[in-house]
Amino acid sequence: MKTPYWNPYLETLDPEALKAIQLKKFQNMISWAFDRSPYYREVYQQAGLEPGDIKTWDDVSKVPKMDKARLKEGQEGDPFPYGRLLCQPLEEVAEFRQTSGTTGKPVYQADSWADWEWWSESWCYILWSQGYRATDRVFIPFGYNVFVAFWAAHYAVEKLGCEVVPGGVLDTASRVLKMQELQTTAMMGTPTYLLNMADVARNRLGIDPETLPISRITCAGEPGASIPTTKKRLEDVWGAKVFDHAGATEIGAWSYECSEQPGGLHVNEGLFLVEIEDVDTGKLITEPGRKGKMIITAFDRFAQPCIRFDSKDIIEWQNGSCTCGRTYRLIKGGVQGRSDDITKVKGVLLSPTAIEEVVRGFAELSDEYEVTVERIGDSEKITLKIELLPSAESNEETILGQLSNALRLNTNLGYAIEVHPLGSLPRYEVKARRFKDLRKIH
Amino acid sequence: METERIDKIRQGVETLAQNAELLASNADGFPAIMQNTQRLKACIRMMEMALGQVSMTTEKKA
C-alpha cells in the first residue's frame, strides 16, 4: 500500500468535521463512564454534572479533571484491584498493566480485549507514519513485564505485517548481537537506553552501531527524541532516522512524529482530545506559542476510561500545518517536560529539557550528565555534572567556558560545572532521572 | 476520501457488526465460537473507530 496514512479518512479529515466527531465521542465517553463507573458518577454528581449537560464545546471544560491521585482514590474498594473506576465487569478485563509508581503507589490499568486492540491500533498510526512496512524486521529491546511500554508496539508491528523480534530478557550486549545476527531494520526504546546500547556495542563489543542495518528508530518514555541535539546524537550513532512519540499507561499512545519530521508531534485527534491549560490561570490555551499542561481524553478506551486527565505534560500548539498532509494538529517540540519538573531557580523558570538540549549539543561530552539544585543559606545553586570524552581532556578549560556560556544563553542561569571521570555518572536502563531538586528533600 | 467509498465501507462494517452480534447471541456454551467472536468484535470496533463512529459493539466472555 502506497498511502502515507494508516487512516486516510481520519488523518486528512477537515478540522471542522473532525471536531464534530470529537464532540460526539466525548459525549459518548461521559455517558459511558457516568453509567458504569461508581467513581466517575460520584465525581460528576458532586460537580452537578449530568451526561446530557455536554451539548457544545463550551461544555467540555465543565467536566471535572482527573489526575493520578484521583485515579488512585477511585481504585479503592471493589472490584480489586481496579475499584470503582472500572466500567466493565471484571471478567471482561483481559490485560493488567500499571504505572511505574515513581511518585508513590502505582495506578493499575485495566484493559478489555477491545482496549488492547485499541492500544495496538493507536501504535499503528505511529509506525505507519514513520515508514514501517511489511519488509521491516523490527527488534524490540524491552523487558516485557507489567509496564505497558512497548507491548502495544509489538502487536502493532505484527498488525502492520512486519516481522517482530522480541528482545525480552536478553542483556544489552546480547541484544546488540541478536540485532547483528538477524540484520534487523528498525527498533524502539527510550533515548537513554538507545544511547547506552550504542555505547555497549561500540565499547564492549567493538561493533560500530552505524554498520548495523537499522534504518529507523522509534523512541518513547522521555522527551529526548524531540530534543534536537539528543535526536542528532542518536541519529549519528545509529546511522538511522529517529522518531519520537508520546504516550502513557493511563492515556494511550496519543501522538507521533511523522516521516516529514516537522519539529513536533501530531496529536492523534481521531482517537484523543488534547486540551492545553495555562498552568497559572487554568484557562484553556488554543493558540500556538504558549506552553501549558495537557488535559487529555481517550475516546475509545472503555474498561478504565481516561477522561480529561491532567497528565502534567508541558506542551504547546505548533503554528502551521505539516507537509505530510495530515490535518491533525502538531505540538511543538513534543512533550517539553512535566509541570512537576519545571521549577523556579533564583526566580527563573528552569526546564530540565533545556539543559539537555545544551549538553547534548557538545560532541566533546559523553551522553550522561546530572543536574542538582540545592539551597545553600539564602541562595540556590545549580550543579551540572558532566563527563569529558578522552579526546577533549586537553581542551577542558575552553569547553567548560563554552558550555557555561551556552547554558546561560539557553536558560538564563549560571551553573557550577563539575567534570567527572568517564563512565562514573549513573547509567540508566529505561527512564533516566538526571534532574534532582534537593531543595524538596532538605 | 470520497464520501461514496466511505459509505460503502461503513455499510460493510455495519454488516460485520450485525453478524458478529448474531454469532455471539448463539454462542453460549461454545467457547471456541464465543471467544473468537469477541476478538472479531474488537477488530470491528477498531474499524468503527477508524471511521469516526461511536462503537455499537459490546463485549461478553464465555
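As the structure is a computational prediction, the values presented were derived from the model and not from experiment.

Asker: Can you tell me about the overall build of chain B, naming the residues and giving the values?
Answerer: The secondary structure content of chain B amounts to 2 helices and 0 strands. Counting only residues that meet the buried cut, chain B has 27% of its 62 residues in that class. Intrachain contacts of chain B at a sequence separation of at least 6 include 47% that bridge at least 24 residues.

Asker: How would you sum up the overall build of chain A? Please name residues and give values.
Answerer: For chain A, the count of helices and strands is 11 helices and 21 strands. Here chain A has a C-alpha radius of gyration of 22 Å; the compact-globule value for 442 residues is 22 Å, and the two agree. Structurally, chain A occupies a C-alpha span of about 70 × 60 × 45 Å along its principal axes. Of all intrachain contacts in chain A linking residues separated by at least 6 positions in sequence, the fraction that spans at least 24 positions is 68%.

Asker: Go over the interface of chain A and chain B, please, and point to the residues and values.
Answerer: At the interface, 20 residues of chain A touch 16 residues of chain B. At the level of elements, helix H1 (15-36) and helix H5 (113-129) of chain A are the ones that each hand at least two residues to the side of chain A that touches chain B. Counting residues per element, the side of chain A that touches chain B draws most heavily on H5(A), which supplies 5 residues. Across the side of chain A that touches chain B, the residue classes tally to 8 nonpolar, 5 polar and 7 charged.

Asker: Could you give an account of the nonpolar core, naming the residues involved and the relevant values?
Answerer: Residues and elements named next belong to chain A. Counting residues in each nonpolar core, the largest one holds 107 residues, and the members touching the most others are Trp123, Ile140, Ile217, Phe272 and Ile296. It is H5 that provides the largest number of residues to this core, a total of 11 residues. If we skip the residues at most four places from it in the chain, isoleucine 140 touches Phe150, Ala153, His154, Val164, Val165, Pro166, Gly167, Met187 and Met188. Among the nonpolar cores identified, the runner-up in size contains 13 residues, and Ile382, Leu384, Ile386 and Leu403 belong to it.

Asker: For the packing of helix H7 (residues 172-182) of chain A against helix H8 (residues 191-204) of chain A, give the residues involved together with the corresponding values.
Answerer: Residue and element names in this part refer to chain A. Between H7 and H8, the least distance of the axes is 9 Å, while the angle of their chain directions is 80°. Between H7 and H8, the angle falls in the class roughly perpendicular. Across the interface between the two elements, Thr172, Ala173, Arg175 and Val176 of H7 pack against Asn196, Met197, Val200, Ala201 and Arg204 of H8. Broken down by class, the residue content of the contact of H7 with H8 amounts to 5 nonpolar, 2 polar and 2 charged.

Asker: Pulling in residues and values, what's your account of the sheet that holds strand S6 (residues 216-219) of chain A?
Answerer: All names here are of chain A. Spatial strand order, S4-S3-S5-S6-S7: 5 strands in an open sheet with parallel pairing. The sheet is open, and its two edges are formed by strand S4 (163-166) and strand S7 (241-243), each paired on a single side. If you compare each strand with its neighbour and ignore which way they point, the axes differ by 20° on average. With 4 bridges joining them, strand S5 (residues 186-189) and S6 adopt parallel strand pairing. What sits directly across from methionine 187, in S6, is isoleucine 217. Contacting S6 and S7, helix H9 (residues 228-238) runs over the sheet at an angle of about 140° to S7.

Asker: Which residues make up the pairing of S4(A), and what are the values?
Answerer: Moving residue by residue along a regular strand, the side chains alternate between the two faces of the sheet. Residues and elements named next belong to chain A. Note: strand S3 (residues 137-140) against S4, 4 bridges, orientation parallel. The residue bridging phenylalanine 139 from the neighbouring strand is valine 165, located in S4. After leaving S3, the chain enters helix H6 (residues 151-160) and then returns to the sheet as S4, a path that is right-handed.

Asker: Could you give an account of the sheet that holds strand S19 (residues 379-388) of chain A, with specific residues and numbers?
Answerer: Residues and elements named next belong to chain A. What the 4 strands build is an open sheet, ordered S20-S19-S18-S21; its pairing is mixed. The two strands at the open ends of the sheet, each matched to only one other strand, are strand S20 (416-420) and strand S21 (435-437). Neighbour-to-neighbour, the strand axes of the sheet open up by a mean angle of 20°, direction not taken into account. Examined bridge by bridge, strand S18 (residues 365-376) and S21 share 3 bridges and lie parallel to one another. Looking across to S21, one finds that valine 373 is bridged to aspartate 437. Lying on the sheet, helix H10 (residues 352-359) is in contact with S18, S19 and S21; it crosses S18 at an angle near 140°.

Asker: How would you explain helix H2 (residues 31-50) of chain B if you had to name every residue and give the values?
Answerer: Given a rise of 1.5 Å per residue, 20 residues ought to cover 28 Å, and the 28 Å separating the end C-alpha atoms of H2(B) matches this to within 8%. Restricting attention to buried positions, one finds in H2(B) the residues B:Thr37, B:Gln38, B:Lys41, B:Ala42, B:Ile44, B:Arg45, B:Met46, B:Glu48, B:Met49 and B:Ala50. On its buried side, H2(B) packs onto H5 of chain A together with helix H1 (3-25) of chain B. Of the residues one or two after H2(B), B:Gly52 is the one with positive phi, at around 75°.

Asker: Explain the environment of A:Ala114 to me, using residue names and the numbers behind them.
Answerer: All names here are of chain A. Here alanine 114 lies in helix H5. Given 28 C-beta atoms within a 10 Å radius, alanine 114 is considered buried. Along the primary structure alanine 114 and asparagine 412 are separated by 298 residues, whereas in three dimensions their C-alpha atoms are 49 Å apart.

Asker: Requested: an account of the environment of A:Cys87, with residues and values cited.
Answerer: All names here are of chain A. Inspection of the secondary structure puts cysteine 87 in the loop between helix H4 (68-74) and strand S1 (93-98). Overall, the presence of 24 C-beta atoms within 10 Å leaves cysteine 87 in the buried class. For cysteine 87 and proline 228, which are 141 residues apart along the polypeptide, the C-alpha to C-alpha distance reads 41 Å. Excluding residues that lie within four positions of it along the chain, cysteine 87 makes contacts with Trp32, Ala33, Arg36, Ser37, Phe302, Ala303, Gln304 and Pro305.

Asker: Lay out the domain arrangement of chain A with the relevant residues and their values.
Answerer: Residues and elements named next belong to chain A. According to the domain assignment, chain A consists of domain 1 (1-339) and domain 2 (343-440). In this structure, domain 1 and domain 2 have C-alpha centres spaced 29 Å apart. In this complex, domain 1 contributes 16 residues to the contact, which on the side of domain 2 involves 14 residues. Within the residue set of the side of domain 1 that touches domain 2, elements represented by two or more residues are H8 and H9. The leading source of residues in the side of domain 1 that touches domain 2 is H8, at 5 residues.

Asker: Now, about unusual backbone geometry: what can you tell me, with residues and values included?
Answerer: Residue and element names in this part refer to chain A. Here aspartate 78 and proline 79 are connected by a cis peptide whose omega angle stands at -5°. On the secondary structure map, proline 79 appears in the loop between H4 and S1. Backbone torsion omega between phenylalanine 80 and proline 81 reads 0°, so that peptide bond is classified as cis. Inspection of the secondary structure puts proline 81 in the loop between H4 and S1. Positive phi values are uncommon outside glycine, yet alanine 149 reaches one of about 20°. In this fold, alanine 149 is placed in the loop between S3 and H6. Residue class for alanine 149 comes out buried when judged on the 24 C-beta atoms lying within 10 Å of it.

What counts, and at which threshold
- Residues numbered from 1 in each chain as written.
- Chains lettered and ligands numbered in written order.
- Predicted model: local features only at pLDDT ≥ 70, side-chain atom pairs only at ≥ 80, totals over all residues.
- Helix = DSSP H or I, 4+ residues; strand = E, 2+ residues; numbered from the N terminus.
- Buried ≥ 20, exposed ≤ 12 C-beta atoms within 10 Å, placed from the backbone.
- Contact = placed C-beta atoms within 7 Å.
- Rg over C-alpha atoms; globule rule 2.2 N^0.38 Å.
- Nonpolar A, V, L, I, M, F, W, Y, C, P; charged D, E, K, R; others polar.
- Core = buried A, V, L, I, M, F, W, Y, C linked by C-beta atoms within 7 Å.
- Axes fitted to C-alpha atoms, helices over the stretch in contact; angles between N-to-C directions.
- Parallel < 35°, antiparallel > 145°, perpendicular 65-115°, else oblique.
- Pairing = 2+ DSSP bridges.
- Right-handed = clockwise from strand over helix to strand, strands pointing away.
- Expected span 1.5 Å × (residues − 1).
- Domains from an automatic or database assignment.

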